[in-house]
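As a plain string of letters, each chain reads:
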Amino acid sequence: MGLNDITRRIRAAEIAAGRAPGSVTLIAVSKLQPSERVEAVLDAGHTVFGENYVQEAQGKWPAWRQAHPAASVQMIGPLQSNKARAAVQLFDAIHTLDRVTLARKLAAQMAEQDRHPQLFVQVNTGDEPQKAGILADELPGFLALCAELGLRPEGLMCIPPEDEDPVPHFRLLRDLAQAHGLPGLSMGMSADFEAAIAHGATHVRVGSAIFGARVTG
């Protein structure tokens, strides 16, 4: 496995789904990865990376961006409201807009900084009480609130339950996005990104299959 292999598989999945080549963005999940691994992927020309922790991203991406100005850093982990200022400053996209308080904080920071990262609303497609995200039946009201705040989400994001077939969740997210005129679908990870692409994913998140096992301690 590695960047080239994952890229080939994404292109094959695009073709199989009748999608245009290059219509799916690969987010290389660089959280908790040693610097030399991330730098190797940067040097190979990949430009889109995902991080889960604001503090970790703050510690490494400013220097990497100086060396690689085309790099896009995207927040794919839970975002605490008190980190909204730093998130707006640092990230080019936030995939985990998942509650009213965060929407208000992001709106205020985007106005203050005049910086407008792409936004994806995280939907709790499995209705899991322990998982973040807007419930499907609450999405219309949440999107209306976002509009009132001046936020314009580009799409939806989901993390299907670990013990379930992800395909029904991909279908639900696709149908919700279509119903609300949202073009972006952030869904699919290492084990299921090809199925996600078949159901319309525009962004897939792949980590260890590109970089190798994460370093956790």
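Fair warning: this is a prediction, and the values are worked out from it, not measured in the lab. (Residues numbered from 1 in each chain as written. Predicted model: local features only at pLDDT ≥ 70, side-chain atom pairs only at ≥ 80, totals over all residues. Heavy atoms only, no water.)

Asker: Summarise helix 7 (residues 167-179); cite the residues concerned and give the values.
Answerer: Here helix 7 spans 18 Å end to end across 13 residues, near enough to the 18 Å set by a 1.5 Å rise per residue. Listing the buried residues of helix 7 in full gives Val167, His169, Phe170, Leu173, Leu176 and Ala177. Directly after helix 7, the chain includes Gly181, whose backbone phi takes a positive value near 65°. (Helix = DSSP H or I, 4+ residues; strand = E, 2+ residues; numbered from the N terminus. Expected span 1.5 Å × (residues − 1). Buried < 20%, exposed > 50% of the residue type's maximum accessible area, 1.4 Å probe, protein only.)

Asker: Kindly report on helix 6 (residues 139-148), identifying the contributing residues and their values.
Answerer: Taken together, the buried positions of helix 6 are Leu139, Phe142, Leu143, Leu145 and Cys146. Considered in projection along helix 6, the buried side chains sweep an arc of 155° and stay on one side of the axis. Across helix 6 from its buried face, at more than 90 degrees, point the exposed residues Ala147 and Glu148. Once helix 6 finishes, Gly150 follows within two positions and takes phi at roughly 85°, a positive value. (Arc of directions from axis to C-beta.)

Asker: An account of the packing of aromatic side chains is needed here, citing residue identities and associated values.
Answerer: This structure, assessed with the given rule, holds two aromatic pairs. When the centroid spacing of 5.1 Å and the interplanar angle of 50° are considered together, the rings of Phe49 and Trp61 count as tilted. Of the two residues, Phe49 sits in strand 2 (residues 48-51) while Trp61 sits in helix 3 (residues 54-67), which places them 12 residues apart along the sequence. Of the residues examined, Phe49 reaches a relative accessible area of 0% and is grouped as buried. Note on Trp61: relative accessible area 0%, which makes it buried. (Phe/Tyr/Trp six-rings, centres within 6.5 Å; stacked < 30°, edge-to-face > 60°.)

Asker: Outline unusual backbone geometry, supporting the account with residue identities and numerical values.
Answerer: Located in the positive-phi region is Leu32, a residue other than glycine, with phi close to 60°. Topologically, Leu32 is positioned in the loop between strand 1 (25-29) and helix 2 (35-43). Notably, Asp114 is not glycine yet its phi reads approximately 50°, a positive angle. Within the secondary structure layout, Asp114 lies in the loop between helix 5 (100-113) and strand 5 (118-122).

Asker: Describe the state of the cysteines, listing the residues and the values that go with them.
Answerer: Counting across every chain of the model gives zero disulfides. Between Cys146, a cysteine without a disulfide, and Cys158, which holds the nearest cysteine sulfur, the sulfur-to-sulfur distance is 17 Å. Residue class for Cys146 comes out buried when judged on its relative accessible area of 0%. (Disulfide = S-S within 2.5 Å.)

Asker: Any chance you could break down the environment of Gly207 for me, citing the residues and the numbers?
Answerer: Structurally, the position occupied by Gly207 is in the loop between strand 8 (203-206) and helix 9 (208-211). By relative accessible area, Gly207 is classed as buried at 4%. For the pair Gly207 and Ser190, spaced 17 residues apart in the sequence, the C-alpha separation amounts to 7.0 Å. When sequence neighbours within four positions are dropped, the list of residues in contact with Gly207 reads Val29, Ser190, Gly212 and Arg214. (Contact = heavy atoms within 4.5 Å.)

Asker: Run through the pairing of strand 4 (residues 93-97), naming residues and quoting values.
Answerer: Burial analysis of strand 4 places five of its five residues in the buried class, which makes it a mostly covered element. In the sheet, strand 3 (residues 72-75) pairs with strand 4 via two bridges, with the strands oriented parallel. By the bridge assignment for strand 4, Met75 is matched with Ile94. Once you follow strand 3 into helix 4 (residues 84-90) and on to strand 4, the crossover reads as right-handed. Across three bridges, the pairing between strand 4 and strand 5 is parallel. Looking at strand 5, one finds that Ile94 is bridged to Leu119. Read as a crossover between parallel neighbours, the route from strand 4 over helix 5 to strand 5 is right-handed. (Pairing = 2+ DSSP bridges. Right-handed = clockwise from strand over helix to strand, strands pointing away.)

Asker: Outline the pattern of salt bridges, supporting the account with residue identities and numerical values.
Answerer: Summed over the entire model, instances satisfying the criterion amount to 11 salt bridges. Residue Asp98 is joined to Arg99 by a salt bridge in which the shortest nitrogen-to-oxygen separation is 2.6 Å. Judged by its relative accessible area of 9%, Asp98 is buried. We classify Arg99 as partly exposed; its relative accessible area is 26%. By sharing partners, the salt bridges in this structure join Glu51, Glu56 and Lys60 into a single network. (Salt bridge = Lys/Arg side-chain N within 4 Å of Asp/Glu carboxyl O.)

Fair warning: the whole summary comes from geometry, so function is off the table for now.
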